[in-house]
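# A structural walkthrough
Each chain, written out:
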Amino acid sequence: MSTSVGRSLDTAVSYGWKSAYGFLVVTLVSYALGAMFFIEGGIYGPLSDAAALLVGLFMLPLVWVLHLLTHEHDWSRETMWLGVGSVALVSVGSLGLLIGDLLSLGAVGGGFLGLQFLGIVLEGVWLLAVGVLGLRTLAVPRSVSLAALAAGLGYAGGIVALSATYALSLSVGNPVFLLAAALAFGGIVAWSVLLGRELQSRDRQMRRTTGFGTGQSGL
C-alpha cells in the first residue's frame, strides 16, 4: 500500500466508525419518520426528507473508507462512484421534495420523488457491490459483508415493491413490501453496527501501535 493511501486510510478509518454510528442513528430516525408519514401523513413527510439528507451526509465517509479498503480490486472505483451517485440522487430528490413541501409546490413533487427512489435503489445496488467486494477481498469480516448484502437486497427490492404498490394501488401493508422493508431494516442496522465496530477496532489498534496509525492495520 502506498504511503499516501495509507495516510488517507488512517484518516478515513478514524472518521468512518463515527460516521457508521451516525448513519445508524439518522437511518433509524428516517425509518421512524417514514413510517409515521405512511400512517399520519402531514409534517412527517418533510421531516423524513430532511432526515434523508442527513443519511447521505453520513454515508459519504463510508463510501470513501470502503473504497480505500478495497482499492486494489477492479470494481472498487466503480463501486465508489455508485455510492456517490446514490447519495447525490437521494439528496437532490429529498431537497426538492422538502422545498416543494415547504413552499406548497405539489406539482414538482413527482420528479423529485422519482430521483429519491432511484437513489435508494442505487444505494441498494451499492450495498450489494460492497458486500461482494468484501467477500472477495476479505477487507472486512464476512459478517459485515453479509449484512451489506441483506440490506442491499432489502433496499433495492423494497423500492421496487413500493413502486409496484403505488402503480397497482395496493396497500403499503402488502407482504412483499413489508418483507423487503424488514430485510432492509435488519440488514442496515446490522451492517452499520458491525462496520462501526470493525472500523473503531482498527482505529484503536492504529493508535496503540503508532499513536497516529500506519495505514497497514487490519489489512
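### Quick notes on the overall build of the chain
A count of helical and extended segments in the chain gives six helices and zero strands. Start at the N end of the chain and walk to the C end: the helices and strands fall as α-α-α-α-α-α. Within the chain, contacts between residues at least 6 apart in sequence are counted, and of these 73% link residues at least 24 apart. Carbon and sulfur atoms make up 70% of the accessible area of the chain, which totals about 10700 Å².

### Description of the nonpolar core
Counting residues in each nonpolar core, the largest one holds 33 residues, and the members touching the most others are Val65, Leu66, Leu69, Trp126 and Trp191. Only α1 (3–40), α2 (44–69), α3 (76–102), α4 (109–137), α5 (142–167) and α6 (175–210) provide two or more residues apiece to this core. Counting five residues, the second largest nonpolar core, distinct from the first, contains Phe117, Ile159, Ala161 and Phe177.

### Observations regarding the side chain of Ser48
Summarising the element assignment, Ser48 is placed in helix α2. Setting aside chain neighbours within four positions, we find Ser48 in contact with Ser30, Leu33 and Gly34.

### Some details on the packing of aromatic side chains
Counted by the stated rule, this structure contains four aromatic pairs. Ring geometry for Trp17 versus Tyr21: centroids 6.1 Å apart, planes at 75 degrees, classification edge-to-face. Taken together, the residues Trp17 and Tyr21, both in helix α1 and four residues apart, mark about one turn of the helix. Judged by its relative accessible area of 18%, Trp17 is buried. Of the residues examined, Tyr21 reaches a relative accessible area of 24% and is grouped as partly exposed. Between Trp126 and Trp191, the ring centres sit 5.9 Å apart and the planes meet at 90 degrees, which makes this aromatic pair edge-to-face. Here Trp191 lies in helix α6 and Trp126 lies in helix α4, a separation of 65 residues in the sequence.

### Here we look at the packing of α2 against α3
One way to put it is that α2 packs onto α3 with a least axis distance of 9 Å and a crossing angle of 165 degrees. The angle between α2 and α3 falls in the class roughly antiparallel. Handedness of the crossing formed by α2 with α3: left-handed.

### Details of the pattern of salt bridges
Scanning the model with the defined rule gives two salt bridges in all. The partner of Glu198 in a salt bridge is Arg202, with the nearest N and O atoms 2.7 Å apart. With a gap of four residues between them, Glu198 and Arg202 both fall in helix α6, about one helical turn apart. Residue Arg202 is classed as buried on the basis of its relative accessible area of 5%.

### Here's the deal with the confidence of the model for the chain
Averaged over all residues, the pLDDT of the chain equals 85, while 86% of them reach at least 70. Taken together, the stretch residues 212–219 has pLDDT below 50 and engages in 21 contacts with residues farther than four places along the chain or on a different chain.

### Some points on unusual backbone geometry
A negative phi angle is the norm for most residues apart from glycine, just as the trans form is the norm for most peptide bonds. Unlike most non-glycine residues, Leu138 shows phi in positive territory, near 55 degrees. Here Leu138 is to be found in the loop between α4 and α5.

### Topic: α3
Here α3 contains 27 residues, and its C-alpha end-to-end distance of 39 Å stays within 8% of the 39 Å for a straight helix at 1.5 Å per residue. Following α3 by one or two positions, Ser104 adopts a phi angle in the positive range, close to 55 degrees.

Cut-offs and rules
Residues numbered from 1 in each chain as written. Predicted model: local features only at pLDDT ≥ 70, side-chain atom pairs only at ≥ 80, totals over all residues. Heavy atoms only, no water. Helix = DSSP H or I, 4+ residues; strand = E, 2+ residues; numbered from the N terminus. Contact = heavy atoms within 4.5 Å. Areas by Shrake-Rupley, 256 points an atom, 1.4 Å probe, with all protein chains shown as cover. Core = buried A, V, L, I, M, F, W, Y, C linked by side-chain atoms within 4.5 Å. Buried < 20%, exposed > 50% of the residue type's maximum accessible area, 1.4 Å probe, protein only. Phe/Tyr/Trp six-rings, centres within 6.5 Å; stacked < 30°, edge-to-face > 60°. Axes fitted to C-alpha atoms, helices over the stretch in contact; angles between N-to-C directions. Parallel < 35°, antiparallel > 145°, perpendicular 65-115°, else oblique. Left-handed = near helix turned anticlockwise from the far one by under 90°. Salt bridge = Lys/Arg side-chain N within 4 Å of Asp/Glu carboxyl O. pLDDT = per-residue confidence, 0-100. Expected span 1.5 Å × (residues − 1).

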